[in-house]
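Read off the chains here:
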Amino acid sequence: MTQRIRFPFCCLIRGLAFPRLLLFGVTCPSVVCCLLLPDLEGSAHLLLLSRNKSKHELGYCEAEAKLALSLDFWTLSSENLLAVLPVDPVKENYVRKVKNCIFSIAVPTPLKSRVRLVAVSKEVLEDILDLDLSVSETDDFIQLVSGEKIVSGSIPLAHRYGGHQFGIWAGQLGDGRAHLLGTYMNRQGEKWELQLKGSGKTPYSRNGDGRAVLRSSVREFLCSEAMHSLRIPTSRVASLVVSDDEVWRDQFYNGNIVKERGAVVLRVAKSWFRIGSLEILAHYGELDLLRTLLDFIIREHFPSVEVAEPNRYVDFFSVVVSETAQLIALWMSVGFAHGVCNTDNFSLLSITIDYGPFGFMEAYNPDFVPNTSDDEGRYKIGNQANIGIFNLNKLLQALNPILDPRQRQLAAQILEGYPVLYYTRFRELFKAKLGLLGETKGDDDLIAFLLHLMEKTAADFTMTFRQLSEITQSQLQELNIPQQFWALNMISKHKLFPAWVSQYLLRLKSNMNDSDSERRKRMTTVNPRYVLRNWMAESAVRKAERNDFSEVHLLQRVLRHPFQKHSAAEKAGYSSPTPSWAKDLKVSCSS
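Quantities reported herein were computed from a predicted structural model and do not represent experimental measurements. (Residues numbered from 1 in each chain as written. Predicted model: local features only at pLDDT ≥ 70, side-chain atom pairs only at ≥ 80, totals over all residues. Heavy atoms only, no water.)

A. The environment of A325, seen in detail. Looking at where A325 falls in the secondary structure, it is placed in helix α10 (residues 312–333). The exposure class assigned to A325 is buried, which follows from its relative accessible area of 1%. Setting aside its immediate chain neighbours within four residues, A325 contacts Y418, L421 and Y422. (Helix = DSSP H or I, 4+ residues; strand = E, 2+ residues; numbered from the N terminus. Buried < 20%, exposed > 50% of the residue type's maximum accessible area, 1.4 Å probe, protein only. Contact = heavy atoms within 4.5 Å.)

Next comes the structure, spelled out in structure tokens:
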């Protein structure tokens, strides 16, 4: 029985108590190369560069100090994966059921028309990939990030996984339009996996065409970088390219199929393994392979877990439970709804991945659903914490076959602690958003009271907290709210707002060694002024479809510094009420 916790404004969902306030084959790399190289003709070509030198050959100081000015001395490797994890022995690229492996070899399919670079992340290129920004202007770079050519040392792979989609086991899923190019170790010694999305069919494409469209690719590029700047663990996007290839999509799953343009993003993450990576192995009884994959993941990505420890899988589960609770609390603190929290979209490293029909909540509403195909509201923002425990329970079910009875009991107890982990972090984050220091008995009620007023007045989530960060205590005391604080003006219309202000000001007096200026300074570092609202993304997409990428670049600049006021952003209305033309905008489902 899941532990129940009593909170103010509670709503019980599936037996869980959360606050209404939001709870809201072949393993040898040389053999793999032999399998791959004969099949390169007709798909991506091998990019024959000068022989890549390792950092040891370059000399540590030289590698540490310099960014690469070309791809000539830049190395990708698949060896860390392929030395341990088996590959599908069938090398032909056709849709099929795959068994007893983690990856299938799959070479990207180049786009047919001319490819244009839409945007790059300077931070990803320089800080993660050790590439000077000028490299993005080269033909070699465009060919690499569009899937036209692959660098020496790269063995493109498609990952096999399954998952529960909208609560139902969906069987084999996998990378249906993504290609893992390999792992890059940068000058800080960090390993990053590079993956193309929209780069063609794989054995896991099912009925798909293996492509992504410009619309969804712009959204993913902007949101992944925005989430990083909001200090939320996330995959990153290094680049976005677009072509004139025709890709047909039913954007809202309503039978209206439209022609769109094909695009490819180069994504990077420490790992792309997800809950579904383990589920499929347990489902088909591939338990030795399940242990192999788990040991690899623990060794590579969970330094706090001892791989020789008999209870390592329980320890691993404990870390995932804790970090998943932390991630979802962070989502809630910025009003982010993922939209498709299936187990195949939930990272084992507890980072945000697979941006689809996501949305940042505008008017505060625990029932906010960005995904228009989610008719029952399963993945509404107020249910994300509960979905977290559902997904973790599916992870536990995948682990159970390799746990002994005592370990199963320990793991079940760990899962029961999830609500406390989640709410503790949620509470910490929202106290910080209100500038509260120390512990006071009524803090939960103060937070819940404000969110209740915001819900009743449909006050803007982001700007309510931001404007509380900017208004002075004396202005609040006198209920003298300047006109530019439009979100606070909205909530102030509620008859109980003066009562909440009195409670809030009284609570602020208990902050030790604090001043009003310090409070405001502190709050502006945790309450963003800018998030990627749906209408902002839509405006950028509409221009991009006409080959005007100016708003993509503007949003990229603004969202890199979401806590700082930006003159161009203010001129564009990014901190203003939603424009009238965007009031009824829907988030498209297909990508």
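B. Local environment of the pattern of salt bridges. If you walk through the whole model with that rule in mind, you get 34 salt bridges. Two residues, D516 and R520, come together in a salt bridge whose shortest N-O distance is 3.5 Å. Placement of the pair is D516 and R520 together in helix α19 (residues 516–523), with a separation of four residues, close to one helical turn. Linking R542 and E538 is a salt bridge whose minimum nitrogen-to-oxygen distance equals 2.9 Å. With R542 and E538 both in helix α20 (residues 534–544) and four residues apart, this pair spans about one turn of that helix. Overlapping salt bridges, with partners in common, bring together R427, K431, E439, D443, D444 and R507 in one network. (Salt bridge = Lys/Arg side-chain N within 4 Å of Asp/Glu carboxyl O.)

C. Spatial organisation of the environment of E376. Relative to the elements of secondary structure, E376 occurs in the loop between β16 (359–360) and α11 (384–399). Taking the C-alpha atoms as reference, E376 lies 9.8 Å from F166; in sequence the two are 210 residues apart.

D. Quick peek at the side chain of D88. Mapped onto the elements of the fold, D88 is located in the loop between α4 (79–82) and β4 (103–105). A polar contact of 3.2 Å, which involves the side chain of D88, links it to the side chain of S104. Discounting residues that sit within four places of it in the chain, D88 has contacts with R96, V98, C101, F103 and S104. (Polar contact = N/O pair within 3.5 Å; in protein donor to acceptor, adjacent residues only side chain to side chain.)

E. Broad picture of unusual backbone geometry. Although it is not a glycine, R206 sits at a positive phi angle of roughly 50°. For R206, a relative accessible area of 48% translates into the label partly exposed. Of note in the backbone geometry, A458 takes a positive phi value of approximately 55° without being a glycine. Residue A458 is classed as partly exposed on the basis of its relative accessible area of 38%.

F. Spatial organisation of the packing of aromatic side chains. Taken as a whole and judged by the stated rule, the model has 23 aromatic pairs. Pairing F103 with F273 gives two aromatic rings, centres 6.2 Å apart and planes at 40°, and the pair type is tilted. Of this pair, F103 sits in strand β4 while F273 sits in the loop between β14 (257–269) and α8 (275–283), and the two are 170 residues apart along the sequence. Each member of the pair, F103 as well as F273, is classed as buried. Each residue in the set Y364, Y418, Y422, Y423, F426, F430, F461 and F465 is aromatic and connected to the rest through ring pairs, giving one cluster. The cationic tip of K270 hangs over the ring face of W192; the distance from NZ or CZ to the ring centre is 4.9 Å. Positioned above the aromatic ring of F390, the side-chain terminus of R378 is 4.6 Å from the ring centre. (Phe/Tyr/Trp six-rings, centres within 6.5 Å; stacked < 30°, edge-to-face > 60°. Lys NZ or Arg CZ within 6 Å of the ring centre and 35° of its normal.)

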